[in-house]
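Descriptive structure summary
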Amino acid sequence: MGLIRKQFFIEPAQNRELKRLAAAAGMSEGEFIRESLSARIASAEKAGQWKSGLDALSGAWAKRDDVQAEAVKLRRGWRRRLERLGLADKPGR
């Protein structure tokens, strides 16, 4: 694997933790940083996939003209379920 050299500053506390965590993992500080960076990139990509999926769904109700009525109906259903479970707030609370 071809590597590119990067230089950056970290805080003293970060340096102490980097040394400790890399030693505990049995790897060099550079290996630890590369692995951490790869995990962060994978996490960001996964978050982006989730967001793009959500964005694709966001237009699902765009052409409906009964959104308000449907929301009221859904809330009533939730309220009935909560009442059956004994979890609904009592009036006046």
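This structure is a prediction, so every number in the text was calculated from the model and none was measured. (Residues numbered from 1 in each chain as written. Predicted model: local features only at pLDDT ≥ 70, side-chain atom pairs only at ≥ 80, totals over all residues. Heavy atoms only, no water.)

Thoughts on the overall build of the chain
Counted only if it meets this: Each helix is a run of DSSP H or I of at least 4 residues and each strand a run of E of at least 2, with the numbering of both proceeding from the N terminus. Using C-alpha atoms as the atom set, the radius of gyration is obtained and then compared with a globule rule of 2.2 Å times the number of residues to the power 0.38. Each residue is placed in one exposure class: buried if its accessible area under a 1.4 Å probe, protein chains only, is under 20% of its type's maximum, exposed if it is over 50%, and partly exposed if it falls in between. Accessibility throughout is a Shrake-Rupley quantity obtained with a 1.4 Å probe, and a residue counts as covered only by protein chains that appear here.
Scanning the chain for helices and strands turns up 3 helices and 0 strands. In the chain, the order of α-helices and β-strands from amino to carboxyl end is α-α-α. Computed over the C-alpha atoms, the radius of gyration of the chain is 25 Å, more than 25% above the 12 Å expected from 2.2 N^0.38 for a compact globule of 93 residues. Along the first, second and third principal axes, the C-alpha set of the chain runs to 60 × 35 × 20 Å. The buried share of the chain, reckoned over its 93 residues, is 6%. Total accessible area on the chain is roughly 8800 Å²; 57% of this is exposed by carbon and sulfur atoms.

Overview of the confidence of the model for the chain
The cut-off we apply is this: Per residue, pLDDT captures the predictor's confidence, and it can take any value from 0 to 100.
For the chain, the mean per-residue pLDDT works out to 85, and 95% of the residues sit at or above 70. Confidence, read as mean pLDDT per element, is least for helix H2 (residues 29-57) in the chain (85) and greatest for helix H1 (residues 12-25) (96).

Description of a nonpolar patch on the surface
Short version of the rule: By definition, no residue in a patch forms a salt bridge, and every one has over 30% relative accessible area; like charges are joined within 9 Å, nonpolar side chains (Val, Leu, Ile, Met, Phe, Trp, Tyr) within 5 Å. Put simply, a salt bridge is a Lys or Arg side-chain nitrogen that is within 4 Å of an Asp or Glu carboxyl oxygen.
Side chains of Trp61, Val67, Leu74 and Trp78 sit close together on the surface and give an oily, nonpolar patch of about 380 Å² of accessible area. Turning to its location among the elements, Trp78 is positioned in helix H3 (residues 67-84).

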